[in-house]
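Chain by chain, the residues:
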Amino acid sequence: DGTLTSATMSFTVNAAVAASGQGTMTVSPTSTVAASTGNTFTFTFSAPVGATFAANSYVTLTIPTGWTAPSTTAGPGFTTTTAGGCTPGTLGVAGQVITVAQACAAGTSFTITYGTVTAQSTSGTAAFAAASHAGTGSPAVALATSPQVTVNAGAATKLVVHTGPGTSVAGS
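Conventions adopted
Residues numbered from 1 in each chain as written. Predicted model: local features only at pLDDT ≥ 70, side-chain atom pairs only at ≥ 80, totals over all residues. Heavy atoms only, no water. Helix = DSSP H or I, 4+ residues; strand = E, 2+ residues; numbered from the N terminus. Polar contact = N/O pair within 3.5 Å; in protein donor to acceptor, adjacent residues only side chain to side chain. Contact = heavy atoms within 4.5 Å. Pairing = 2+ DSSP bridges. Axes fitted to C-alpha atoms, helices over the stretch in contact; angles between N-to-C directions. Phe/Tyr/Trp six-rings, centres within 6.5 Å; stacked < 30°, edge-to-face > 60°. Disulfide = S-S within 2.5 Å. Buried < 20%, exposed > 50% of the residue type's maximum accessible area, 1.4 Å probe, protein only.

1. Section: the side chain of Ser132
Considering the arrangement of structural elements, one finds Ser132 in strand S12 (residues 129-133). A distance of 2.8 Å separates the side chain of Ser132 from the backbone nitrogen of Gly21, its partner in a polar contact. A distance of 2.7 Å separates the side chain of Ser132 from the backbone oxygen of Gln22, its partner in a polar contact. Look past the residues within four positions of Ser132 in its chain and what remains in contact with it is Ala19, Ser20, Gly21, Gln22, Phe45, Phe53, Tyr58, Val59, Ala140, Val141 and Leu143.

See the structure below:
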């Protein structure tokens, strides 16, 4: 017959569905001074590159004991979200736990800003436990790694010198 016909093919590649516990979360800055006030921390949640969170998914972030409790009203601990490639849903706070609804597509992110914060009074590492929940059903599952803030000792505010009885020998 000798007739040529053209064929057009198209492919749609869909990302896999994310599972609870997937995603990553980072924090900036990564250090502060013990008992310092007025701190602001920005946490960035990112969906995994190859997986999308379904509707009704959410992320939790637990603020360590000794830090200002998060709040959805202006003042100490004021917490907000900002869209990145993913637009977060409703933000809620219960005690030290921040919960943000999300249905992030593969590789997209959003931020949680936790501001006007007083850091814990002791130096060391503060772990902010992060978890994700995919779709409906089971509870949130901890992310493989959670963000940490190094809390450095503050500057000395008092110098105390103790003197006691002692023996001195001239010339020694």
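2. Re the pairing of strand S6 (residues 57-62)
As judged from the six bridges shared by S6 and strand S9 (residues 97-102), these two strands associate in the antiparallel manner. Bridge assignment links Tyr58 to a residue of S9, and that residue is Ala101. Direction of pairing for S6 relative to S12: antiparallel, over a ladder of five bridges. Within the sheet, the bridge partner assigned to Tyr58 lies in S12 and is His133.

3. Let's talk about the sheet that holds strand S2 (residues 24-28)
Across the sheet, four strands lie side by side as S2-S4-S10-S7; this open sheet has antiparallel pairing. At either margin of the open sheet sits one strand with a lone partner, and together these are S2 and strand S7 (79-83). Strand-to-strand twist in this sheet, taken as the mean axis angle between neighbours without regard to direction, amounts to 20 degrees. Where S2 lies against strand S4 (residues 39-46), five bridges are found, and the strand directions are antiparallel. Each residue of the ladder has a partner; that of Val27, found in S4, is Phe43.

4. Focus: the packing of aromatic side chains
A complete count under the given rule lists five aromatic pairs for this structure. Taken together, the ring pairs connect Phe41, Phe43, Trp67 and Phe128 into an aromatic cluster.

5. Focus on the state of the cysteines
Within this structure, the stated rule accounts for one disulfide. Two residues, Cys86 and Cys104, share a disulfide whose sulfurs are 2.1 Å apart. As the torsion about the S-S bond is roughly -80 degrees, the Cys86-Cys104 disulfide counts as left-handed. A residue pair is termed long-range when its members are at least 10 positions apart, and Cys86 in the loop between S7 and strand S8 (91-94) and Cys104 in the loop between S9 and strand S10 (109-117) qualify at 18 residues. Residue class for Cys104 comes out buried when judged on its relative accessible area of 0%.

6. Some thoughts on unusual backbone geometry
Of the consecutive residues Ser28 and Pro29, the connecting peptide bond is found in the cis state with omega at -5 degrees. With respect to the element layout, Pro29 can be found in the loop between S2 and strand S3 (31-33). Positive phi, normally seen in glycine, also occurs at Ala35, with a value near 60 degrees. Relative to the assigned elements, Ala35 resides in the loop between S3 and S4. With a relative accessible area of 43%, Ala35 lands in the partly exposed category. Even without being glycine, Asn56 reaches a positive phi, approximately 70 degrees. Relative to the helices and strands, Asn56 is located in the loop between strand S5 (51-52) and S6. The class of Asn56 is exposed, set by a relative accessible area of 55%.

7. Considerations on the sheet that holds S9
Strand order across the open sheet formed by five strands is S8-S9-S6-S12-S13, with antiparallel pairing between neighbours. One side of each edge strand has no neighbouring strand; the edge strands of this open sheet are S8 and strand S13 (141-142).

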